[in-house]
Amino acid sequence: MTVTVITDSGNVRVRAEPSLSSKVIGKCLRNCTYNLADNLTKEFDGLTWLHVIGEGGVIGWSVMDFFQINPDKVTNEILIKFTPEEIKDIIKYCEGLLK
């Protein structure tokens, strides 16, 4: 799922934890669209927090009020990264199934 920054006040802070007192670790730029790290939300400090992937790939928490959720861009894709050795093992396993 993606979200778009809709605030007029500039960039949105990305924090290490879902709390106003948590360290700022990145940002999301105004009018830009970002992926969610997952579909988790947390309630803290009287705010709803989204788990976002901000500028430069930083993963953290931002206040939901500053975003528009784009449900039309939801996908069921799961991205899994394998090492070359793991890929070779998977191929060997699959070849064994075909025999």
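It should be emphasised that the depicted structure is a prediction, and the values quoted were computed from it without experimental measurement. (Residues numbered from 1 in each chain as written. Predicted model: local features only at pLDDT ≥ 70, side-chain atom pairs only at ≥ 80, totals over all residues. Heavy atoms only, no water.)

### A word on the overall build of the chain
Looking only at helices and strands, the chain has one helix and seven strands in total. For the chain, the N- to C-terminal ordering of α and β elements is β-β-β-β-β-β-β-α. Burial statistics for the chain: of 99 residues in total, 29% are counted as buried. Nonlocal contacts in the chain, meaning residues at least 24 apart in sequence, comprise 52% of its contacts between residues at least 6 apart. (Helix = DSSP H or I, 4+ residues; strand = E, 2+ residues; numbered from the N terminus. Buried < 20%, exposed > 50% of the residue type's maximum accessible area, 1.4 Å probe, protein only. Contact = heavy atoms within 4.5 Å.)

### What about the confidence of the model for the chain?
With 89% of its residues at a pLDDT of 70 or more, the chain shows a mean pLDDT of 85. Predicted confidence in the chain is weakest over helix H1 (residues 84–98), with a mean pLDDT of 81, and strongest over strand S2 (residues 12–15), with 96. (pLDDT = per-residue confidence, 0-100.)

### A short note on unusual backbone geometry
Unlike most non-glycine residues, Asn31 shows phi in positive territory, near 70°. Position of Asn31 among the secondary structure elements: in the loop between strand S3 (24–28) and strand S4 (33–44). A relative accessible area of 55% means that Asn31 is categorised as exposed. Positioned with a positive phi, Asp45 is a non-glycine residue whose angle comes to about 60°. For Asp45, the position within the fold is in the loop between S4 and strand S5 (47–53). Accessibility expressed as a relative area gives 40% for Asp45, which makes it partly exposed.

### Side note on the pattern of salt bridges
Enumeration according to the criterion identifies one salt bridge in this entry. A salt bridge links Lys88 to Glu85; its shortest N-O distance comes to 3.5 Å. With a gap of three residues between them, Lys88 and Glu85 both fall in helix H1, about one helical turn apart. The exposure class assigned to Lys88 is partly exposed, which follows from its relative accessible area of 47%. (Salt bridge = Lys/Arg side-chain N within 4 Å of Asp/Glu carboxyl O.)

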